[in-house]
There are 2 protein chains.
Amino acid sequence: MKDTVPAITTGALPGSRKVYVAGDSHRIRVPMREIAVTGEAPLTVYDASGPYTDPGAGIDIAAGLPEVRGGWLQAQGHVEAYAGRSVREADNGFASGARLVPAFPGARSVLRGSDGRAVTQLAYARAGIITPEMEFVAIRENEGRLAAAPRDGEAFGAEIPDLVTPEFVRREIAEGRAIIPANINHRELEPMIIGRNFKVKINANIGNSAVTSSMEEEVEKMVWAIRWGADTVMDLSTGRNIHNIRDWIIRNAPVPIGTVPLYQALEKVGGVAEDLSWDIFRDTLIEQAEQGVDYFTIHAGLRLHMIPMTAKRVTGIVSRGGSIMAKWCLHHHRESFLYEHFEEICEICRTYDVSFSLGDGLRPGSIADANDEAQFAELRTLGELTQIAWAKDCQVMIEGPGHVPMHKIKANMDEQLKHCHEAPFYTLGPLTTDIAPGYDHITSAIGAAMIGWFGTAMLCYVTPKEHLGLPDRDDVKTGVVTYRLAAHAADLAKGHPGAQRRDDALSRARFEFRWEDQFNLGLDPDTARAMHDETMPAEAHKVAHFCSMCGPKFCSMRISHDIRAEAERQQGLEDMAGKFREAGQLYLPEDTA
Amino acid sequence: MKDTVPAITTGALPGSRKVYVAGDSHRIRVPMREIAVTGEAPLTVYDASGPYTDPGAGIDIAAGLPEVRGGWLQAQGHVEAYAGRSVREADNGFASGARLVPAFPGARSVLRGSDGRAVTQLAYARAGIITPEMEFVAIRENEGRLAAAPRDGEAFGAEIPDLVTPEFVRREIAEGRAIIPANINHRELEPMIIGRNFKVKINANIGNSAVTSSMEEEVEKMVWAIRWGADTVMDLSTGRNIHNIRDWIIRNAPVPIGTVPLYQALEKVGGVAEDLSWDIFRDTLIEQAEQGVDYFTIHAGLRLHMIPMTAKRVTGIVSRGGSIMAKWCLHHHRESFLYEHFEEICEICRTYDVSFSLGDGLRPGSIADANDEAQFAELRTLGELTQIAWAKDCQVMIEGPGHVPMHKIKANMDEQLKHCHEAPFYTLGPLTTDIAPGYDHITSAIGAAMIGWFGTAMLCYVTPKEHLGLPDRDDVKTGVVTYRLAAHAADLAKGHPGAQRRDDALSRARFEFRWEDQFNLGLDPDTARAMHDETMPAEAHKVAHFCSMCGPKFCSMRISHDIRAEAERQQGLEDMAGKFREAGQLYLPEDTA
């Protein structure tokens, strides 16, 4: 592994400062990033990076982030504190001595809805209550805009408002079209929303590797991913220390943390899928819910009768959770315990507000398997489960794609909308071809941008190492930035109001040779600056009216400025344009007219 | 610059060997690449890399490649050899002494159509003649297939045959829907075809930098680009030695070479756009046509009256050629000399069979400028010029896009088809957002895959350095592989017969843990292998039934094999599937039914 063990990365992004916008109804401070622009007002952009990019915030991972939601929750008065489940040796894979990652320091009380009460954002939304979380995300989605921006785009049925109001957020959640993954035990969270009528979000996966990781290393992976724009992070750790590492991550995470509880349950039974049981799984759900996991991937849609549908597949079952459950079902020749106990899972989730991410255990792992009977049979079951979860006031999103060629992407979105009642879609990629191992962040960015445009609410990133190995620090950054640009391309195409402000600001900087602005307005200022400096390193070149691509004589933008100056001298391009339009005929030079 | 000066890269790609397929009607040998696959027949794929990947070919860049077309042309009997234009000092920017790149060794005769006769593939196609070039590309497009393959996809009106025949090629060329860029003076060429009903092609740009380049370095840039899959190469050199370097490139190029003659013309007038004239331009066209340039980008569609349409653009005119011509037009307040002399340009092109790439001088350089009045006004003019060129038997393709958000991409293809009479479209990207400098190979791969699907015949690559600096060797490779995967994604989505064979072969290898096959069947075996080896370097791991991503316990593919074995033991998954379908109802396990 090239991966080193860095300290926690802190500090503002280049040219940027953290600003906070206060709420109207609740005592909330919504973080945003303000990018300074020469000769223009600063540009305010969405900022998922948390206090780590605020030089004024003291970062101490042994203390965790401040519990910004602490005060909000108590106000609701529907929760009770209790001691919580005791940590067992199996929770950390029986790691001991020097191999045991220390527990997160200090005791903290665990909350749950009192008397099994639903304390979910969905329950509040249905009751007509605008929670602090709802106001928080409403402000956040507007990115500092106070007025409507020019609209453009094709939204495929999405209904994106000019400005997001708290009431709009409430209604979208009440209708099940959006979720705010926000476990009441994750009080360090800066809430965010996932839904088709909001900005497209991205998820980054992290997870400890086979070698023992320090907790600092795992926290840094999360911090690094959100620095570059991950909106949520899934902790897909397996192996030892899984419980303690998760605690360190959540206590330091300003973004929602998702998990696949089945992975830890499998560790508890020594990796033998057949030995899994509902009791072990249930206990793991409570363990993780108490820690504050914000969303669970639950592969309850993969049923016994669907397994034969995968017999002729080129790549069988490629979801880890899906393959584990299929193995269990087939061995016992029984229906999945996740499916049979789904209502009980809902009972747990509603008490902590853990959102469902209904897993696509049968997603296609190759172009040949895309959109097949198995995949769509499971999708329809996920739609049934959505309604069961909604009846219990649980928040739900639906997982999808995998490997899907371009012409089969839209059908995925259409089928999902049809069968899953507009619950948010959360897709891996999709990868649009199988033939480029090493470049699957790109094969999948193509599919991700398209499905995001069609209506997918959150895109799960893919790194260059997909199919080949564990991503290192550079791969994570590449994956996150790639998915950020794909999500933004989708926002632009959907006509998300305000999305184009950043493109316009960057393009103005580009046209006016404001190199520093161009770097800072981009998604990755460091890489842009480094690439520019490779061929034109001198500081003087940062104001040069050309770059090494074309050089001064062949710089089209420089010549464009000459053209405008020449036109001004002659009579003004706009006058010329006006004259041309008035005449209603081709403008011909005098000497040939 | 990280760029070093490598020798010419030769040798087969991993696991591959060069094979040649003989023609039926002509004495041609069509190169293909055969990838060995364990336990399966080898997979034959399209191969643009030329003799450099054939260990049996002796490479000596001072001798140039063998003139494979030499015999074919004489057979036509419509050409005459002549001495050709003398090289002038201005052709090499007055480089002298140690700064002068030596001329390509040896004298060679120059050919042209006798008595100004059209010797274009279009002229022959219209006359009902199937040239050797036509048979060559017909065989090439089938990639060794002798039978139809299963079809899938949405072709948006493209009519792709099951197998390409020479007569099909002839008809497509006769109709103007495809071109074979093949200057009669580029006899080293392995012909290829560009058209909507053929495989999507990609172009890589190279060009000498400001510092003096050796001819070996420039030839290597071309060889490196085609090694990774570039179908054509544009030499966008500026500065000194432009003539001699071009000679070295063409004499060693098995792919079509394109240029923008305006660049050299501008060098001849010291970089002062206003000093350009038709005479200097005309002389440059003949100079380059005699050398064997296969296609010329000619910005004849940018007319004087369109310049004011760019007045309110965010990024003005971003095409180098476009900005130069606009400056000339405005300064002289005259119609473009390219437009006024277009018929004379056709007279030159028809005599050597230089194809037109009608330049999009007004392509948008930012999301804000996409699909604007200026862009589409020029496109309509390109359509008019197409008909003039066709009347002279000249082959034509049309240049397009730039920066275009996803929802505006299809309109570009539709407008092009409508106004340019189905002449092949050749687009840069398009880049689907402006906000990711350093990642524009990806912002543009999204747009390129989509517009390729919609019908664009050739995609001009974009490297990570776009907008920032000159691409180095790594950037060129990244750009080429990225565009290869985008073109392939487009072929899959169009339902190109046989395209999915490679995805399927790779996915079978993946499912069966044939790691070496997986690497070798990918677009970049070296990178895939290196990434795998970062975390699992041991040779034994090349047969491991898992990778470092998930480890053995969590490997879904490994578990899928267990599932299939278990099912076989029970009764066979397919039997189960059959039973399920027969019963016509949900398959329920016995103990819950």
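Criteria and thresholds
- Residues numbered from 1 in each chain as written.
- Chains lettered and ligands numbered in written order.
- Predicted model: local features only at pLDDT ≥ 70, side-chain atom pairs only at ≥ 80, totals over all residues.
- Heavy atoms only, no water.
- UniProt positions renumbered as here; feature names shortened; annotations may be inferred.
- Helix = DSSP H or I, 4+ residues; strand = E, 2+ residues; numbered from the N terminus.
- Rg over C-alpha atoms; globule rule 2.2 N^0.38 Å.
- Buried < 20%, exposed > 50% of the residue type's maximum accessible area, 1.4 Å probe, protein only.
- Contact = heavy atoms within 4.5 Å.
- Areas by Shrake-Rupley, 256 points an atom, 1.4 Å probe, with all protein chains shown as cover.
- Pairing = 2+ DSSP bridges.
- Axes fitted to C-alpha atoms, helices over the stretch in contact; angles between N-to-C directions.
- Phe/Tyr/Trp six-rings, centres within 6.5 Å; stacked < 30°, edge-to-face > 60°.
- Lys NZ or Arg CZ within 6 Å of the ring centre and 35° of its normal.
- Least-squares fit on C-alpha atoms with pLDDT ≥ 70 in both.

Going by an unreviewed UniProt entry, chain A carries the name Phosphomethylpyrimidine synthase and comes from Pseudooceanicola albus. Regarding chain A, the UniProt comment filed under Subunit (unreviewed entry) reads as follows: "Homodimer." Taken verbatim from the UniProt record of chain A, the Pathway (unreviewed entry) comment is "Cofactor biosynthesis; thiamine diphosphate biosynthesis."

A.B. asks: Can you lay out the overall build of chain A for me, pointing to particular residues and giving the numbers?
C.D. replies: What chain A contains, in helices and strands, is 20 helices and 15 strands. Taking 593 residues into account, the globule formula puts the C-alpha radius of gyration at 25 Å, and chain A, at 25 Å, falls close to it. With respect to the principal axes defined by its C-alpha atoms, chain A has extents near 90 × 55 × 50 Å. Among the 593 residues that make up chain A, the fraction classed as buried is 69%. Considering only residue pairs separated by 6 or more positions, chain A has 76% of its internal contacts joining residues 24 or more positions apart. Accessible surface for chain A amounts to roughly 18700 Å². Of this, 51% is attributable to carbon and sulfur atoms.

A.B. asks: I'd love a proper account of the sheet that holds strand β3 (residues 43-45) of chain A, names of residues and values included.
C.D. replies: Residues and elements named next belong to chain A. What the three strands build is an open sheet, ordered β1-β2-β3; its pairing is antiparallel. Only two strands of the sheet have a single neighbouring strand rather than two, namely β1 (16-22) and β3. In this sheet, neighbouring strand axes are inclined to one another by 40° on average, regardless of whether the strands run parallel or antiparallel. Note that strand β2 (residues 29-35) and β3 share three bridges and pair antiparallel. The residue of β3 that forms the bridge with I35 is L43. Relative to the sheet, helix α3 (residues 132-142) contacts β1 and β2, its axis offset from that of β2 by approximately 10°. Running at roughly 140° to β3, helix α16 (residues 500-511) makes contact with β2 and β3 of the sheet.

A.B. asks: Got a sec to walk through the packing of aromatic side chains? Specific residues and values, please.
C.D. replies: Applying the stated criterion across every chain yields a total of 26 aromatic pairs over all chains. Pairing Y295 of chain A with Y426 of chain A gives two aromatic rings, centres 6.2 Å apart and planes at 90°, and the pair type is edge-to-face. With Y295 of chain A in strand β11 (residues 295-298) and Y426 of chain A in strand β14 (residues 425-431), the pair connects residues that are 131 residues apart, well separated along the chain. By relative accessible area, which is 0% here, Y295 of chain A ends up buried. The buried category is assigned to Y426 of chain A, whose relative accessible area is 3%. Three or more aromatic residues link up through ring pairs in this structure, and these residues are W278, F281, W328 and F337 of chain A. The residue whose ring lies beneath K410 of chain A is F454 of chain A, and the NZ or CZ to ring-centre distance is 5.9 Å. The ring of Y20 of chain B is capped by R29 of chain B, whose NZ or CZ atom sits 3.9 Å from the centre of that ring.

A.B. asks: Explain the sheet that holds β11 of chain A residue by residue, including any values.
C.D. replies: Residue and element names in this part refer to chain A. Pairing is parallel in the closed barrel, where eight strands are placed in the order β8-β9-β10-β11-β12-β13-β14-β15. For this sheet, the mean inter-axis angle between neighbouring strands, taken without regard to orientation, is 25°. Where strand β9 (residues 232-235) and strand β10 (residues 257-259) come together, two bridges link them in parallel fashion. From the neighbouring strand, V233 faces β10, where its bridge partner is I257. In the packing of helix α5 (residues 215-227) onto the sheet, the strands contacted are β8 (201-206) and β9, and the crossing angle to β8 comes to about 160°. Against the sheet, helix α8 (residues 278-291) engages β10 and β11, with an angle of about 160° to β11.

A.B. asks: For the pairing of strand β2 (residues 29-35) of chain B, give the residues involved together with the corresponding values.
C.D. replies: Residues and elements named next belong to chain B. Counting buried positions along β2 yields six of seven residues, so the element is predominantly enclosed. Direction of pairing for strand β1 (residues 16-22) relative to β2: antiparallel, over a ladder of seven bridges. Paired with R17 across the strands is E34, a residue of β2. In this antiparallel pair of consecutive strands, β1 and β2, the connection spans six residues.

A.B. asks: Report on the relation of the copies chain B and chain A, specifying residues and quantitative values.
C.D. replies: With an RMSD of 0.0 Å, the operation that places chain B on chain A is a rotation of 180° combined with a shift of 0.0 Å along the axis. Accordingly, the operation relating the two chain copies is best matched by a two-fold axis. For chain B, the smallest separation between a C-alpha atom and the rotation axis is recorded for I446 of chain B, amounting to 2.3 Å. Mapped onto chain A, 100% of the interface residues of chain B again fall at the interface, so both copies present the same surface.

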